[in-house]
Amino acid sequence: MVLPGSVIEADIAIAGEAIGAIGKPGVLGPARRRIPAHGLYVLPGGIDPHVHLRWPPAPDTPPGLQSGTVAAAFGGTTTVIDFTIQGPAESFQEAAARRLAQAQGHMAVDYGLHLLVTRVTPETLGEIREIVHGGITSFKLMTAYRNLGWMVDDGALSAVMVEAARCGALAGLHAENEALALYITKDLLDRGHTGVEYYEAGRPSLVEGEAVRRAIYLARKAGAAIYFFHISSEEGLEAVRAAQSSGQLVYAETCPHYL
């Protein structure tokens, strides 16, 4: 077992889904079930805060709710946080209830939801407190994908941040300056640069870095904690670190393919 100052051999007793006791080998007494792990590291289950199971607009594409979470369990991930996307005519409550109904009976591990906000009105803002009390305590907002109806502007982003701060919830962000990305992409296309090798050139680090800095500023003004999904650039990371150094509640993740 790995402790703050040493590595020891120990028996671990599990009661329900929690560690009930830790003791020297052989001293904890009889157990209903024994799992031999001599010479191995025993780790707590991993929590993956960013999964897409049956993700629109390709809902039939693997991994599905069951296969994806079975795979997670085999890899040592025992909790996943998936997304529910607010439909064009849906309230927050309806979006949450729809996704929870789809997941019922199909999830092989513990799970939670981020609510992906696509439509911000006085009515939906008024639902945030109730949604948080119901167990969904994080919201994802997109500053891209206008063509899919997912993009929100800075006004909507700020409004959600303010209400999330009041409720102790977390505002999550896909940070990307879409207008800038489209401008750069059009310039590439106009010059005949249509190959896949130009994809990165159409999304330079400035596209993410500017959006991260802008969102950090808005979060600071709103007094909100903010979480950045899939940071992929040095500029974005530097902005996060600077905000954290100043004491702001800013969190960030990356993905393996960006490393």
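Relevant structure appears above.
Rules and cut-offs
Residues numbered from 1 in each chain as written. Predicted model: local features only at pLDDT ≥ 70, side-chain atom pairs only at ≥ 80, totals over all residues. Heavy atoms only, no water. Axes fitted to C-alpha atoms, helices over the stretch in contact; angles between N-to-C directions. Helix = DSSP H or I, 4+ residues; strand = E, 2+ residues; numbered from the N terminus. Parallel < 35°, antiparallel > 145°, perpendicular 65-115°, else oblique. Left-handed = near helix turned anticlockwise from the far one by under 90°. Contact = heavy atoms within 4.5 Å. Expected span 1.5 Å × (residues − 1). Buried < 20%, exposed > 50% of the residue type's maximum accessible area, 1.4 Å probe, protein only. Arc of directions from axis to C-beta. Pairing = 2+ DSSP bridges.

### Some thoughts on the packing of helix α5 (residues 154-167) against helix α7 (residues 205-222)
Packed helices, taken two at a time, are described by the angle their axes make and the gap between the axes.
Line of reasoning, step 1. Between α5 and α7, the shortest axis-to-axis distance is 9 Å and the interhelical angle comes to 40°. When the interaxial angle is binned, α5 and α7 end up oblique. α5 and α7 meet at a crossing whose hand is right-handed. Contact with α5, carried on its side by Asp154, Leu157, Ser158, Met161, Val162 and Ala165, involves Arg214, Ala215, Leu218, Ala219 and Ala222 of α7 and no other residues of that element.

### A short note on helix α8 (residues 234-245)
Line of reasoning, step 1. Look at α8: 16 Å from first C-alpha to last across 12 residues, which is about the 16 Å you get at 1.5 Å a residue.
Line of reasoning, step 2. What α8 keeps buried is the set Gly236, Ala239, Val240 and Ala243. All buried residues of α8 project into a common sector of 100° when viewed along the axis, lining one side. Exposed and facing more than 90 degrees away from the buried side of α8 are Glu234, Arg241 and Ser245.
Line of reasoning, step 3. Against α7, β8 (225-228) and β9 (250-252) lie the buried residues of α8.
Line of reasoning, step 4. Directly beyond the C-terminal end of α8, a positive phi value near 95° is found at Gly247.

### Re the environment of His230
Line of reasoning, step 1. Along the polypeptide, His230 turns up in the loop between β8 and α8.
Line of reasoning, step 2. You can call His230 buried: its relative accessible area is 14%.
Line of reasoning, step 3. The spatial distance from the C-alpha of His230 to the C-alpha of Glu127 is 27 Å, given a sequence separation of 103 residues.

### As for the pairing of strand β1 (residues 11-15)
Line of reasoning, step 1. In the sheet, β1 pairs with strand β2 (residues 18-23) via 5 bridges, with the strands oriented antiparallel. Bridged to Asp11 within β2 is Gly23.
Line of reasoning, step 2. Hairpin connection between β1 and β2: a loop of 2 residues separates the two successive antiparallel strands, and Gly16 in this loop has a positive phi of roughly 70°.

Read these as geometric descriptors, not functional statements.
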